Amino acid sequence: MSEQAPVARPLDDFALAAALCAEEAIARLGLREAYFKIAGLTLKTRFAGDALHDQISRPLAHIRSEPVAEPDLTITVWDTALSGIPLPKEAGPAAGHLRRGLALLQQEGRYLSLFEGVDRGLSVYDVENETAVYWVPDATRISEGDRATPFRVILNWWLPSKNCAMVHSAGIGTEAGGVLLFGLSGAGKSTTSLASFEAGFEFLADDLCAITVAEDVTAYSVYCSAKVYEHNLERVPNFASLVTNPQGLETEKAIGFLTQWDEGRVVRAMPIRAAIVLTAKEPGPPKLNRIAPAMALRMFAPPSVLNLPGPTKSLLGILARLCSRVPCYEMQISTELPENPRALRQLLASLETRA
Amino acid sequence: MGLLDTRFKVNDRDVIAETLDGEVIIINLNSGCYFSSDGIGGHVWEALGRRQSVGAIVEQLGALFPDSTAAIGEDVPAYVEQLCSEELILEATEPDGAQSGNGAHGAMAMSYARPVLHKYTDFQELLKLDPIHEVHESVGWPVANPSD
């Protein structure tokens, strides 16, 4: 009987090589660990050095937790600029593709890998062991997305295995519960969230949060950051004073951390009473119209499913259950920003009364 | 084998779909296009997912809507061809062991209406990949090729 050739798994080799690079960087710069809690699950992060930790972990500061012996997910993080350790040069059959600096999503065996380009970063997730490696070229010059929402790709791959999902929505609330605000980039999720925070609401997220849908819907905060276009800064003056990247506003959104504004109102979780898609901005009063669950799913799902790359089969199911569990609305927001939290507060109060 | 004898399956590699209140939402992760179809269209999608042949689906709908058999005979194959051309379904070689029943359900419209696949392309931009630059031949990532 002829001997069968072993199945080549280039991504296995690459994932292992990337993990070894990360360990080499840690050996050079020292290990800095930090733990975070999302939806009751513990995320352990292992950084190559303190500086990298300080650069990347800031948006997660509000969900920091105590160390545990058996975390649910472990991410090892390194960068090349601080450590001097580049990514592995060989990447199997994808090497030619990657040499050209093209973004590439790969799924092979137990690994998922997203290379976002040489100036951005790499995420490699080991589904079996629930470990990941995250690399950026230069932690002092990371992209707007990585500064505000680090590890989002890895979390998007990992959370569905825990019956949880990352959704492309803002989350804000009052003592009566919370709402999720869906909508395309530029629809007003961030400005509505910030105007609501200004009006005394609690803040969970301005763009990405995690949700679980059982009998009740619960949303969980992952990032305490918010991002708005520069032209909107004058409309949210309290946030404008928090902006951390004033020098970069010609090419990226303004990023700030709401824990610096009012840490007590940046919450880790809230029960969700309604899901709302922001559809238009008009000068008049805001308008809220109840929509059917199927229509809501059609409006909510594509931005969430297509926002982050990778397998998202279970996400659509979670969103369908969300649309069935809570009332869904489309909202025409007012260009007079303070009007929007007023309408949302009234909606939450009315839903509480009905419940 | 003609279309009526053909069974199909959802293109699981590239497509996710969920049916809610009789309306199916279908997302092609490869192209970034998404689709919706309700009424008869949602019913046909569900039946295809159970690996029923196109002919069997036409026959069942004909029995449910006897005044519309001619239209059903034209509309359903055309709808299936559209699903194929959008790469949402693939030909299946074997029937699914899980198939059962005729798939007719209470939520279906009381009168026949041509199945329509609504296509939305507003998220295709999200999937566009982004060439950055050549990297340094000997050093590798993330060092850019000086000639780039």
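Quick caveat: nothing in here was measured; it's all calculated off a predicted structure.

Quick look at the overall build of chain A
Okay, so step 1: Along its length, chain A carries 12 helices and 19 strands.
Okay, so step 2: Here the C-alpha atoms of chain A give a radius of gyration of 21 Å, agreeing with the 20 Å that 2.2 N^0.38 yields for 355 residues.
Okay, so step 3: Along the three orthogonal principal directions, the C-alpha set of chain A runs to about 70 × 50 × 40 Å.
Okay, so step 4: The buried share among the 355 residues of chain A stands at 59%.
Okay, so step 5: Within chain A, contacts between residues at least 6 apart in sequence are counted, and of these 68% link residues at least 24 apart.

Notes on unusual backbone geometry
Okay, so step 1: Backbone geometry at Glu130 of chain A places phi at a positive 55 degrees, although glycine is not the residue there.
Okay, so step 2: Within the secondary structure, Glu130 of chain A is located in the loop between β7 (122-126) and β8 (131-136).
Okay, so step 3: By relative accessible area, which is 22% here, Glu130 of chain A ends up partly exposed.
Okay, so step 4: With phi around 50 degrees, Asp21 of chain B is a residue other than glycine that occupies positive phi space.
Okay, so step 5: The residue Asp21 of chain B is located in the loop between β2 (15-20) and β3 (23-28) in this model.
Okay, so step 6: Taking relative accessible area as the criterion, Asp21 of chain B reaches 61% and is therefore assigned exposed.

Details of the pattern of salt bridges
All names here are of chain A.
Okay, so step 1: Tallied over the entire structure, the rule returns 15 salt bridges over all chains.
Okay, so step 2: When the shortest N-O distance is used, the salt bridge between Arg32 and Asp50 registers 3.2 Å. Within this pair, whereas Arg32 is found in strand β1 (residues 31-38), its partner Asp50 is found in helix α2 (residues 50-56), the two being separated by 18 residues in sequence.
Okay, so step 3: Classification of Arg32 by relative accessible area gives partly exposed; the value is 27%.
Okay, so step 4: Close ionic contact of Asp207 with Lys189 constitutes a salt bridge, the shortest N to O distance being 3.7 Å. Taken as a pair, Asp207 in the loop between β12 (202-205) and β13 (209-213) and Lys189 in helix α7 (residues 189-198) lie far apart in primary sequence, 18 residues in all.
Okay, so step 5: On the basis of relative accessible area, Lys189 is assigned to the buried category, the value being 4%.
Okay, so step 6: Through salt bridges with shared partners, a single network forms among Arg110, Asp126 and Glu128.

Concerning α7 of chain A
Residues and elements named next belong to chain A.
Okay, so step 1: Along α7, nine of the 10 residues are buried, which leaves the element largely enclosed by surrounding structure.
Okay, so step 2: Of the residues making up α7, those classed as buried are Lys189, Ser190, Thr191, Thr192, Ser193, Leu194, Ala195, Ser196 and Phe197.
Okay, so step 3: Looking one or two places after α7, you find Gly200, whose phi comes out positive at around 105 degrees.

Describing the sheet that holds β2 of chain B
Okay, so step 1: The strand order across the open sheet formed by four strands is β2-β3-β4-β6 (chain B), and the pairing between neighbours is antiparallel. For this open sheet the edge positions go to β2 and β6 (118-120) of chain B, each flanked by a neighbour on one side alone. Adjacent strand axes in the sheet meet at a mean angle of 20 degrees, parallel and antiparallel pairs treated alike.
Okay, so step 2: Across three bridges, strand β4 (residues 34-37) of chain B lies against β6 of chain B in antiparallel orientation. Opposite Tyr34 of chain B, over in β6 of chain B, you have Tyr120 of chain B as the bridge partner.
Okay, so step 3: Here helix α10 (residues 293-307) of chain A sits on the sheet in contact with β2, β3, β4 and β6 of chain B, set at roughly 10 degrees to β3 of chain B.
Okay, so step 4: Helix α11 (residues 313-325) of chain A contacts β2 and β3 of chain B of the sheet and is inclined by roughly 20 degrees relative to β2 of chain B.

Side note on the confidence of the model for chain B
All names here are of chain B.
Okay, so step 1: Here chain B averages 79 in pLDDT, and 71% of its residues register 70 or above.
Okay, so step 2: Across chain B, element-level confidence peaks in helix α3 (residues 69-85) with a mean pLDDT of 97 and bottoms out in strand β7 (residues 135-136) with 41.
Okay, so step 3: Confidence estimates for the predicted assembly give a pTM of 0.86 and an ipTM of 0.72.

Some thoughts on the state of the cysteines
Residue and element names in this part refer to chain B.
Okay, so step 1: The tally for this structure, following the rule as stated, stands at zero disulfides over all chains.
Okay, so step 2: Free cysteine Cys84: the closest other cysteine sulfur is in Cys33, separated by 16 Å.
Okay, so step 3: According to the relative accessible area criterion, Cys84 is partly exposed, its value standing at 27%.

Comments concerning the side chain of Ser57 of chain A
All names here are of chain A.
Okay, so step 1: Looking at the secondary structure, you find Ser57 in the loop between α2 and β3 (64-65).
Okay, so step 2: What makes Ser57 buried here is its relative accessible area of 3%.
Okay, so step 3: Look past the residues within four positions of Ser57 in its chain and what remains in contact with it is Phe36, Phe47 and Arg64.

Focus on the pairing of strand β10 (residues 170-174) of chain A
It is a general feature of regular strands that their side chains alternate between the two faces of the sheet.
Residues and elements named next belong to chain A.
Okay, so step 1: Of all five residues making up β10, five are buried, and the element is well covered by its neighbours.
Okay, so step 2: Going residue by residue along β10, you find Ala170, Ile172 and Thr174 tucked away on one face and Gly171 and Gly173 tucked away on the opposite face as well.
Okay, so step 3: As paired strands, β10 and strand β11 (residues 177-182) are joined by five bridges and run antiparallel to one another. The residue bridging Ala170 from the neighbouring strand is Leu181, located in β11.
Okay, so step 4: Between β10 and β11, which follow one another and run antiparallel, lie two residues.
Okay, so step 5: Sheet topology note: the β10/β12 ladder contains three bridges and is antiparallel. Looking at the pairing, Ile172 lines up with Phe203 of β12.

About the criteria used
Residues numbered from 1 in each chain as written. Chains lettered and ligands numbered in written order. Predicted model: local features only at pLDDT ≥ 70, side-chain atom pairs only at ≥ 80, totals over all residues. Heavy atoms only, no water. Helix = DSSP H or I, 4+ residues; strand = E, 2+ residues; numbered from the N terminus. Rg over C-alpha atoms; globule rule 2.2 N^0.38 Å. Buried < 20%, exposed > 50% of the residue type's maximum accessible area, 1.4 Å probe, protein only. Contact = heavy atoms within 4.5 Å. Salt bridge = Lys/Arg side-chain N within 4 Å of Asp/Glu carboxyl O. Pairing = 2+ DSSP bridges. Axes fitted to C-alpha atoms, helices over the stretch in contact; angles between N-to-C directions. pLDDT = per-residue confidence, 0-100. Disulfide = S-S within 2.5 Å.

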